[in-house]
Amino acid sequence: MRKIILDVDTGSDDAVAVMAALLAKDLKVEAICSTWGNLDIDHTTENTLRLIEAMGKGDEVPVYRGCAAPMAKFLCKDRLPLAIRPLMKDGKEVHMHEPELKLEKATIKEQDLPAPLFYIDYLLHAEEPVTLVEVGPLTSLGHALRIRPEIVKNIEEIVIMGGGDRVANCTPCAEFNIWADPEAAEIVATCGAKVTWVPLDATHAAYLTKKDCERFRAIGTFEANFAADLIEGRILAHTLGQPLAEPDAAAVHDPLCICYLIDPTVLKDVQPVEIHLGFYGVGEGETIVDRREGLITPNSYFAFDADRFKFCDILCDLFTY
Ligand code: RIB
Ligand code: CA
C-alpha cells in the first residue's frame, strides 16, 4: 500500500480526485489537507468533509484545514486576483466549481492542527516515506518546508497538478495552482524531493466527454454518478468559458494525479526537465521549461501528454465495486 497525503481546494475536479484516491485499493490516504484556491478555505474544507462523509469514510480520513491565502502574493497590490468573467447560460451563472458540493452538510469536523503543522508533525515522525499529491495552491506545504525543511526526508515523491508548457488557463502564461502562489510553488519545486508535474498539457490531453459520463452512470455507484454530475458541470463551464479542442469535453485535472499513482503509463512523454517559475508581470506563475541543450540540470519530471482512454478506464475500474 502506497501512503499518500492529498492537498485539495475542493472544487469539482478535486472531488473526483478525492473519490478516486479513497477507492484505490493500492493507496492509503493518510490525511487530506484543504487549502484556499478554487474557493475560499471555508468552502474547500466543508466540501472536502461533506464528500468523505458521503463516502462513509468520515471516521477514516482526517482532514486538516490549510491556509486561507497565498504566502505573499496578495500583499502586493499589483498581484491581486484576476477578475473572473461570470459564465452565463439561460440567464443563470455557471460555475466550474460550485461553492457547495450538492451533498448533505458535513457533521464531521476537521482536525484542530492546521495543515502546515500537520505536514511537519507527520513527516518528522513518519516511519516510512509518503507521497504528497498536491492539487491546489501549494501554500501549506510551502510553509511547512520553510519552517522545517528536513521534513523532505520522509517525502517519497511530490505529484503536483500544476503548470503547463504549451497550455495555460488563468493567464496567457500560467496555470491556476502555480499562479495562485508562485513563492510556495518554488519552495516545493526546489525542496529536494522527487517532483512529478502533471501539467495542463497532460490534463487537457486526458479530457473526458459526455460519453465518458454515460460510462460512469452505467456503473451506478455513488462515486460514479457524482463524478458524472461534476464532470458534466465542467463540460458546460469549459464550453462557455474555456473551450477545448474537442467540443463537449472537460479537462478533469486532479484525478489524473491519482491515476498516475495507480498506473504511471496513463501519463505519456514524461521527461526529466529543468523547470523555473515566473514571479512577476505577465509571466507570473509560468512554469518555464529550460530547453537549452547541454546547459540544463533536470530538477523534476514533467508529463507532456496523457492517455485519455486509459484515464477513463482507470476511473471506471475505481468506481466499480
Ligand atoms: O488549473 C487547474 C487546477 O486549479 C485544478 O487543480 C483545479 O482544481 C484548480 O485547483
Ligand atoms: Ca484543485
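Structure shown above.
Remember, it's a predicted structure, so these values are computed and weren't measured experimentally.

Parameters and conventions
Residues numbered from 1 in each chain as written. Chains lettered and ligands numbered in written order. Predicted model: local features only at pLDDT ≥ 70, side-chain atom pairs only at ≥ 80, totals over all residues. Heavy atoms only, no water. Near = heavy atom within 4 Å. Polar contact = N/O pair within 3.5 Å; in protein donor to acceptor, adjacent residues only side chain to side chain. Areas by Shrake-Rupley, 256 points an atom, 1.4 Å probe, with all protein chains shown as cover. 1 Å grid on protein atoms, 1.4 Å probe; cavity = no way out; pocket = protein on both sides within 12 Å on 5 of 7 lines; lining within 4 Å. Sits in = over half its atoms within 2 Å of the grid points. Helix = DSSP H or I, 4+ residues; strand = E, 2+ residues; numbered from the N terminus. Nonpolar A, V, L, I, M, F, W, Y, C, P; charged D, E, K, R; others polar. Salt bridge = Lys/Arg side-chain N within 4 Å of Asp/Glu carboxyl O. Buried < 20%, exposed > 50% of the residue type's maximum accessible area, 1.4 Å probe, protein only. Donors = N, O, S within 2.8 Å, 3.2 Å for Na, K, Ca; no water. Pairing = 2+ DSSP bridges. Axes fitted to C-alpha atoms, helices over the stretch in contact; angles between N-to-C directions. Points joined across faces, edges and corners; volume = space filled by probe spheres on them.

Enquirer: I'd like to hear about the site of ligand 1, residue by residue, with values.
Expert: Neighbouring ligand 1 are 13 residues, the closest being Asp-13, Asn-169, Glu-175, Asn-177 and Asp-254. One of the side-chain nitrogen or oxygen atoms of Asn-169 is found 2.8 Å away from an oxygen atom of ligand 1. The separation between an oxygen atom of ligand 1 and a polar side-chain atom of Asp-254 is 2.6 Å. With the chains in place, 96% of the 280 Å² that ligand 1 exposes on its own is no longer accessible. Assessed atom by atom at 2 Å from the grid points, ligand 1 resides in the largest pocket. Among the secondary structure elements, those contributing two or more residues to the shell around ligand 1 are helix H1 (12–23) and helix H5 (176–180). Looking at the shell around ligand 1 residue by residue, the class counts come to 3 nonpolar, 5 polar and 5 charged.

Enquirer: Give a detailed account of the pattern of salt bridges, specifying residues and quantitative values.
Expert: A full pass over the atoms with the stated rule returns 24 salt bridges. Here Glu-100 makes a salt bridge to Arg-50, at a shortest N to O gap of 3.1 Å. With Glu-100 in the loop between strand S5 (92–94) and helix H3 (115–125) and Arg-50 in helix H2 (residues 41–54), this residue pair connects regions lying 50 residues apart in the sequence. A relative accessible area of 39% places Glu-100 in the partly exposed class. Residue Lys-210 pairs with Asp-248 through a salt bridge whose shortest N-O separation is 3.8 Å. Residue Lys-210 is found in helix H8 (residues 210–219), and its partner Asp-248 is found in the loop between helix H9 (222–241) and strand S10 (249–250); the two are separated by 38 residues along the sequence. The exposure class assigned to Lys-210 is partly exposed, which follows from its relative accessible area of 43%. Taken together, the salt bridges that share partners define one network made up of Arg-2, Glu-156, Glu-157 and Lys-194.

Enquirer: Now, about the coordination of the calcium ion (ligand 2): what can you tell me, with residues and values included?
Expert: Donor atoms from the polypeptide that bind the calcium ion (ligand 2) are Asp-9 (OD), Asp-14 (OD), Asp-14 (OD), Val-135 (O) and Asp-254 (OD), placed at 2.2 to 2.9 Å. For the calcium ion (ligand 2), the single-chain donor residues occur in sequence as D-x4-D-x120-V-x118-D. Pair noted here: Asp-9 is in the loop between strand S1 (2–8) and H1 and Val-135 is in the loop between strand S6 (130–134) and helix H4 (139–147), with a separation of 126 residues, a long-range link. In terms of burial, Asp-9 and Val-135 fall into one category: buried.

Enquirer: Go over the sheet that holds strand S14 (residues 300–306) with me, naming the residues and quoting the values.
Expert: Taken together, the 8 strands give an open sheet; going across it, the order is S3-S2-S1-S6-S7-S8-S14-S11, and neighbouring strands pair in mixed fashion. At either end of the open sheet lies a strand with only one pairing partner, and these are strand S3 (63–65) and strand S11 (267–273). Each strand axis lies, on average, 20° off the axis of its neighbour in the sheet, ignoring direction. Summarising the sheet, S6 and strand S7 (residues 155–161) pair through 5 bridges and their orientation is parallel.

Enquirer: Give me the layout of surface pockets: which residues, what numbers.
Expert: Of the voids in this model, the largest pocket is the one considered here, and its volume is about 1000 Å³. Residue lining of the largest pocket: 34 residues in total, with Ile-84, Met-96, His-97, Phe-176 and Gln-242 positioned closest to the centre. Elements with a contribution of two residues or more to the lining of the largest pocket: H1, S5, H5 and H9. Taken together, the residues that form the lining of the largest pocket break down as 17 nonpolar, 9 polar and 8 charged.

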